[in-house]
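Take a look at the letters that make up each chain.
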Amino acid sequence: MEFQAIIMAAGRGSRMSDLTSCMPKALLPVANRPLVWYPVNMLETSGFSEATIVVCETDLQSILKTLEQICDVKIKLHFVSIPYEEDWGTLDSLRHIADQIKSDLLVVSCDLICSVQLHQMADLHRTRDAALTMLLAPSPDVSEASVPGGKANRKVEHDVVGLSPDNRLLFISSEADLEQTLTFKHSFLKKFPMVRLKNRVMDAHLYFMKRSLLDHACDGALSTSTTIKGEFIPHLVRRQFRRRHCAKDQDQSLNMTADVRQDGGENEDGFSRLVQEYSTHPNDSASMRDCFHGDRMKCYAIMVKDELCVRVNTLVSYCEANRQMAKELARVGVLDEPLVAPSVQIPSKSTVGADSLMAEGSSVGERSGIKRSVIGKHCVIGDHVKITNCIIMNHVTIEEGSTLSGTVVCSEARLGAKCELKDCLVTGGQSVIGKSTNEVIVNLEQLMEVE
Amino acid sequence: MPPKKKQGNQGDFKQEDVLQAIVIADSFNTRFAPITSNKPRCLLPLANVPVIDYTLEFLNSAGIQETFIFVCSHADQVKAHIAKRWSQSEMDVQVLVSEDCLSAGDALRDIDAKSVIHSDFVLINGDLVSNVKLIPLIEQHKAQRLKEKTPVMTMLYRKAPPGHRTRCKEDDLVIAVQPSNAQLLFHQRASQGNALQLPVELLLDHVDVELHYDLLDCHISICSPHVLPLFTDEFDFLTRDHFVKGILVNEEILGHTIHVKIIEEEYAARVSNLQMYDAISQDILSRWTYPFTPDGALLSTSDSKCSHSRHNIYLQEDVTLARGCTLEENVAIGQGTVIGSKSRISHSVIGSNCSIGNNVRLENAYILNNVTVGDDCVITTSLLDDGVKVMAGVKVHSGCVLAKKVVIGNNSTLRPATRLMAEAPTDDFDDTPGAIFYFIFHSLITAEPLFVCDLGAAYEYKESADDDEEVEDLSADLWGLRLESDEDAGDDWEASDYEGDSDDMNDDFGRNSPEATESDMFLEEVIGTLERGIAENISTENIVLEVNSLKHAYGIQIKEVNMLVTQGVLDLPLKDMEDMPPQQRRVSLSYANFKKFLPLLRNYIKNAESQLNCLLSIEDLCSKKSVLMQVFMKLIHMLYETEVLAEEVITTWYNTKTEDANGLKCRKEIGPFVKWLQEAEEESDEDESD
């Protein structure tokens, strides 16, 4: 594709700090694959041969190692590291690499798991001559999901969007930012007589952008903005309705691309001029003016319907993603992998449900039962252990007689005999004994460090 | 033959099976005045067929079995027409008369009292043209009612994007619909100049909302039987809009919902004003309303057969077309009409027994029966009632309405949007409340003093100014002038769109325009209050109270209030001054003019800051009104004398540097006065030192 792909993998995972305190967000295992594998895989299956991946300098080595050695990624990855100290937002990162970007770009967040056909979006982006095309999905309904650590973790941020029937993105705001009323000007209604307003929408953080937007992002007016979603996108969406003459000065950058195009046209021979004249391709500035109302910048959005689209940015979405992916790995192109690694020996009196995953090197004791769970590598599960609806990461030891449900156990944790955990989160390297419900079990020393 | 009487033996029917309809045949407004002063709107011919026939034929062919027509004014004419035309039809048509109804709400209450409606019914107006198939929609309504219990009404809308010719300002509306069950969530007439404010709760309560500005209200409602009692219970419901609003607001209390059906293929529109009359006539001629077309068997009566030929030319029998006349496109001509040679006619309807002279140009002209148009006339976008005589060489342009038997003299030219009638108003002329009439002696634009009317007099019809709030809408809605004004309005809107463009980071989805309009509206209200204050001699305290409440209503800052009140107070004397010759102006600005409002001004202009604001506001006003500049010094002097403005403030203001041409001019103007002030001050200083 003509797009330069950029994966934003420098996020801290601040919405699920309990999980990310011991491991970069990009490497959190989802169905026994690091999170960042999903966008990389999506690009690979869509035909990208290379991609740029922005990571935090502290995580560079681990991500590099994981992706290239463990996951066997064929796509060529260029790693760009950004300083840990300065707490850059996604827009900062984009500005940082702006001079390496020569063509239109595709920006995707490392926490997106999705089965949308990228070429369909790219087609819309091209045919409409869009400045921005983004992916939206219905917010996951988590009101019923069980969450480790209680209901407080269940809050989800919604967006409210306005779309025209031809998918123009006319309005975007987070639900929390809305005021008492939404104001629609008459001229706006005249241009867009039918607007579909949708609440409980999630921005999937997948954007096709024109190269010219980058220049715009580096522009003075936006110098204080740091994030793509929070500031840049709403700015672009509003900017669509700027009147031409007052936008002139600041639109120099956008003009430039248009000029280049026209200069190109002048040098061509008469025949190609004729082609341009009769073409209805939107690059031809005159022919499509009416239907786009002469708007120079157009934002489009595609709403995910049946495809899979999950963002892993909170604890609850992390749990949901694991549960969902255990069943639906095939939808992201993983077809022939057995649910339980062949090397795993399951004693005849134990059961591992068909909705569970077990990675290689793990072992299960006698008379144990595993249902709707994901078990990582090299885990040791003792006898008489019941695991339901859990996520167990790598190198976890669960001793005999324990019962776990709705619980996330991070790497190298150790659960003593006869533990009973319900809806808990056990952070990395912890040793746990006894009973707990709805708790986050953290190492106090570690907590101090974080604070 | 009288209409069939069915009362008393309704028991013979299986009541649920009878499909009923209510036709409100009175419009309760005067959009078609002065024509409607002697003829009800529903009998106005539309492409040579009375409007009510379209409505009734629509109901009849849609399968409605029993129709009640509700009439207030000119009931006898409607009754006679129904008896003549509809007594033989399959559908049972009954005329209900009540002279004292003032609104559609009254009419429905009246019908409820008569208890003739037994099941779901169709509610329409007597000026509807439509070819919608009603039965499936009624079925759908009933099915939804069985399923959800809450729906009381299904309203029909037709897709008509902005700019569509059957959209008129009056019917401009925005609705919000929940797509899953087509429930109406929000309904607002788009009042001009105001941005739409959509309550956010709507979005929070309903995840998915469709906002439509691309719809035309067909004024067809399928109602459940609860609707009538709801009207009876709530005397505030004057119109269907009130009803809709009431239902939406009280949705949680009453548990009623309204649903919406959007039609795209079929036709429906209401002849609600002249512009719609024009648009619908053209739609009928170009056959959008099929099968209800002039040549169709459904509408034509036995005594007038109509032929249809290429370019949508419809001719009834006995039409005489002189050699060399051209019927260009979309023309209907009634029985017995004669068209002179070299006349060119397009997009027009001519009634029966008319005589059109030679070399006449008709475009978008609607000419009813027995009209005479002399040679060399040009008539565009106008409506001529029965028996009008237009002599030779007359030009009638954009939006004129000539009522019954008006005669226009030779070579006159009528101003656009003139409405003339032949009869003086009579005492019991209560159909057009408060109309003002006056005599026209000569043609209005041509220099020669010709009589418009050589047989009597023509009276110009004007909507009286104090009628009600609709007047403003009406002037914007004048037929023929509408398009231009519409464009202007659009430009105004956009001009205010992005004023603060450099910092549009803060400009959240068009939040900046309402502010400007609010202060304008505030100013307007203040001026209105002051005018009323003079007229009704209201005490200053009360005016202050009113202004303060306005301040809260519009959310205006106190600083701005000071400036706007100053402007408002100055506005009235300025208006008077503009009409005066220059030499009188200076004299007229006297203490007396201001006396009334001085206490008001004092109430707001107190401390130094507000005084400065007051001065700045006057300066600002100077740049807009040159008249004020001429009396600027006198004004400031007066304000100084009356101790509204303190000396220090005036000098401070005078000494502030300005680059603005207007500001410099003001300061130059005031120079002598400030000099005088300073001298006076020095003197007083000297006095003190002595």
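The rules behind these values
Residues numbered from 1 in each chain as written. Chains lettered and ligands numbered in written order. Predicted model: local features only at pLDDT ≥ 70, side-chain atom pairs only at ≥ 80, totals over all residues. Heavy atoms only, no water. Helix = DSSP H or I, 4+ residues; strand = E, 2+ residues; numbered from the N terminus. Buried < 20%, exposed > 50% of the residue type's maximum accessible area, 1.4 Å probe, protein only. Contact = heavy atoms within 4.5 Å. Areas by Shrake-Rupley, 256 points an atom, 1.4 Å probe, with all protein chains shown as cover. UniProt positions renumbered as here; feature names shortened; annotations may be inferred. Salt bridge = Lys/Arg side-chain N within 4 Å of Asp/Glu carboxyl O. Polar contact = N/O pair within 3.5 Å; in protein donor to acceptor, adjacent residues only side chain to side chain. Pairing = 2+ DSSP bridges. Domains from an automatic or database assignment. Buried area = accessible area lost by both parts, 1.4 Å probe. Nonpolar A, V, L, I, M, F, W, Y, C, P; charged D, E, K, R; others polar. Phe/Tyr/Trp six-rings, centres within 6.5 Å; stacked < 30°, edge-to-face > 60°. Expected span 1.5 Å × (residues − 1). Arc of directions from axis to C-beta. Disulfide = S-S within 2.5 Å.

Chemist: Describe the overall build of chain A, listing the residues and the values that go with them.
Modeler: Within chain A, the regular secondary structure consists of 14 helices and 31 strands. Buried positions account for 54% of the 451 residues belonging to chain A. Considering only contacts in chain A between residues 6 or more positions apart, those separated by 24 or more positions represent 56%. Accessible area of chain A: about 20200 Å², with a carbon and sulfur share of 48%.

Chemist: Describe in detail the UniProt feature "domain: EIF2B subunit epsilon/gamma LbH" (unreviewed entry) in chain A, supporting the description with residues and values.
Modeler: The UniProt record annotates "domain: EIF2B subunit epsilon/gamma LbH" (unreviewed entry) at residues 342-436 of chain A. Here residues 342-436 of chain A runs as 0% helix and 38% strand, with 33 Å between its end C-alpha atoms.

Chemist: Give me the lowdown on the pattern of salt bridges, citing residues and values where you can.
Modeler: Close approach of charged atoms lets side chains of opposite charge pair. Residue and element names in this part refer to chain B. Applying the stated criterion across every chain, the model contains 35 salt bridges over all chains. Linking Arg145 and Asp120 is a salt bridge whose minimum nitrogen-to-oxygen distance equals 2.9 Å. With Arg145 in helix 4 (residues 134-148) and Asp120 in the loop between helix 3 (104-114) and strand 6 (121-125), the pair connects residues that are 25 residues apart, well separated along the chain. By relative accessible area, which is 5% here, Asp120 ends up buried.

Chemist: I'd like a rundown of the side chain of Asp283 of chain B, residues and numbers included.
Modeler: Residues and elements named next belong to chain B. In this structure, Asp283 sits in helix 9 (residues 274-285). Judged by relative accessible area, Asp283 falls into the buried class, the value being 3%. At 2.5 Å, the side chain of Asp283 and the side chain of Tyr267 are in polar contact. If we skip the residues at most four places from it in the chain, Asp283 touches Arg165, Thr166, Tyr267, Trp288 and Thr289.

Chemist: I'd like to hear about the sheet that holds strand 31 (residues 407-408) of chain B, residue by residue, with values.
Modeler: All names here are of chain B. Read from one edge of the open sheet, six strands run 18-21-24-26-28-31, paired in parallel fashion. Two strands close off the open sheet at either side, each with one partner strand: strand 18 (320-321) and strand 31. Bridge analysis of strand 21 (residues 338-339) against strand 24 (residues 355-356) gives two bridges, and the strand direction is parallel. Looking across to strand 24, one finds that Ile339 is bridged to Ile356.

Chemist: So what's going on with unusual backbone geometry? Which residues, and what values?
Modeler: Following Tyr290 of chain B, the chain continues into Pro291 of chain B via a peptide bond in cis, with omega recorded as 5°. For Pro291 of chain B, the position within the fold is in the loop between helix 9 and strand 16 (306-309). One non-glycine residue, His205 of chain A, adopts positive backbone phi at about 60°. Within the secondary structure layout, His205 of chain A lies in strand 12 (residues 194-209). A relative accessible area of 16% places His205 of chain A in the buried class. Positive phi outside glycine occurs at His378 of chain A, with the angle close to 55°. Assignment of secondary structure puts His378 of chain A in the loop between strand 19 (374-375) and strand 20 (380-381). Classification of His378 of chain A as partly exposed rests on a relative accessible area of 40%.

Chemist: Run through the UniProt feature "domain: Nucleotidyl transferase" (unreviewed entry) in chain A, naming residues and quoting values.
Modeler: UniProt records the feature "domain: Nucleotidyl transferase" (unreviewed entry) at residues 5-141 of chain A, using the numbering of this structure. Structurally, residues 5-141 of chain A comprises 30% helix and 28% strand, and the distance from its first C-alpha atom to its last is 30 Å.

Chemist: Which residues make up the domain arrangement of chain A, and what values go with them?
Modeler: Interfaces are often sized by the accessible area lost when the parts come together. Residue and element names in this part refer to chain A. Partitioning chain A into domains gives domain 1 (3-177 + 197-250 + 290-325) and domain 2 (338-450). Distance between the C-alpha centres of domain 1 and domain 2: 32 Å. Of the residues lining the interface, 20 residues belong to domain 1; the matching set on domain 2 comes to 24 residues. Of the roughly 1600 Å² buried where domain 1 meets domain 2, counting both sides, 65% is carbon and sulfur surface. On the surface where domain 1 and domain 2 come into contact, there are zero salt bridges. Across the domain 1-domain 2 interface, the total number found is two residue pairs in polar contact (both at pLDDT 80 or more). Put simply, the parts of the chain that give the side of domain 1 that touches domain 2 at least two residues each are helix 1 (17-20) and helix 13 (315-328). Among the residues forming the side of domain 1 that touches domain 2, the class breakdown is twelve nonpolar, six polar and two charged.

Chemist: Can you tell me about the sheet that holds strand 22 (residues 391-392) of chain A, naming the residues and giving the values?
Modeler: All names here are of chain A. Spatially, six strands are ordered 16-19-22-25-28-31 in an open sheet, and the strand pairing comes out parallel. In this open sheet, the two edge strands, each paired with only one partner strand, are strand 16 (357-358) and strand 31 (440-441). With two bridges joining them, strand 22 and strand 25 (residues 408-409) adopt parallel strand pairing. Bridge pairing in strand 25 links Ile391 to Val408.

Chemist: How would you summarise the packing of aromatic side chains if you had to cite specific residues and measurements?
Modeler: Residue and element names in this part refer to chain A. In total, this model carries nine aromatic pairs over all chains according to the counting rule given. When the centroid spacing of 5.0 Å and the interplanar angle of 80° are considered together, the rings of Trp37 and Tyr38 count as edge-to-face. Across the pair, exposure class does not vary: Trp37 and Tyr38 are buried alike. On the basis of an interplanar angle of 50° and a centroid distance of 5.5 Å, the ring pair of Phe188 and Phe192 is categorised as tilted. Classification of Phe188 by relative accessible area gives buried; the value is 9%.

Chemist: Describe helix 18 (residues 608-624) of chain B, naming the residues involved and giving the relevant values.
Modeler: Its 17 residues give helix 18 of chain B an end-to-end C-alpha distance of 25 Å, which sits within 8% of 24 Å, the value for a rise of 1.5 Å per residue. Within the sequence span of helix 18 of chain B, burial applies to Ser610, Gln611, Asn613, Cys614, Leu615, Ser617, Ile618, Glu619, Leu621 and Cys622 of chain B.

Chemist: Can you break down the environment of Gly663 of chain B residue by residue, with the values?
Modeler: All names here are of chain B. Mapped onto the elements, Gly663 comes out in helix 22 (residues 661-689). For Gly663 and Ser623, which are 40 residues apart along the polypeptide, the C-alpha to C-alpha distance reads 8.3 Å. Not counting residues within four places of it along the chain, the set of residues in contact with Gly663 comprises Glu619 and Thr658.

Chemist: I'd like to hear about helix 5 (residues 118-127) of chain A, residue by residue, with values.
Modeler: All names here are of chain A. All of the buried residues in helix 5 are Leu118, Met121, Ala122, Leu124 and His125. Seen from one end, helix 5 has its buried residues packed into an arc of 160°, which puts them on one side. Tucked into the core, helix 5 has its buried residues touching helix 2 (37-45), strand 6 (105-109), strand 8 (132-138), strand 12 and strand 13 (299-303). Looking one or two residues past helix 5, Asp129 carries a phi angle of roughly 55°, positive in sign.

Chemist: Kindly report on the side chain of His81 of chain B, identifying the contributing residues and their values.
Modeler: Mapped onto the elements, His81 of chain B comes out in helix 2 (residues 75-86). Those residues in contact with His81 of chain B, other than ones at most four positions away along the chain, are Leu43, Pro50, Ile52, Asp53 and Trp86 of chain B.

Chemist: Tell me what's going on with the state of the cysteines, and back it up with residues and numbers.
Modeler: Residue and element names in this part refer to chain B. Applying the stated criterion to the full structure yields zero disulfides over all chains. The thiol sulfur of Cys306 is not disulfide-bonded, and the nearest other cysteine sulfur, from Cys354, lies at 14 Å. Assessed through its relative accessible area of 18%, Cys306 is described here as buried.

Chemist: I'd like a rundown of the pairing of strand 8 of chain A, residues and numbers included.
Modeler: Residues and elements named next belong to chain A. Most of strand 8 sits inside the fold, with six of its seven residues counted as buried. Here strand 8 pairs with strand 12 via six bridges, running antiparallel. Among the inter-strand pairings, Leu136 is bridged to a residue of strand 12, identified as Asp203. Direction of pairing for strand 8 relative to strand 13: parallel, over a ladder of five bridges. Bridging across to strand 13, Met134 finds its partner in Ala301.

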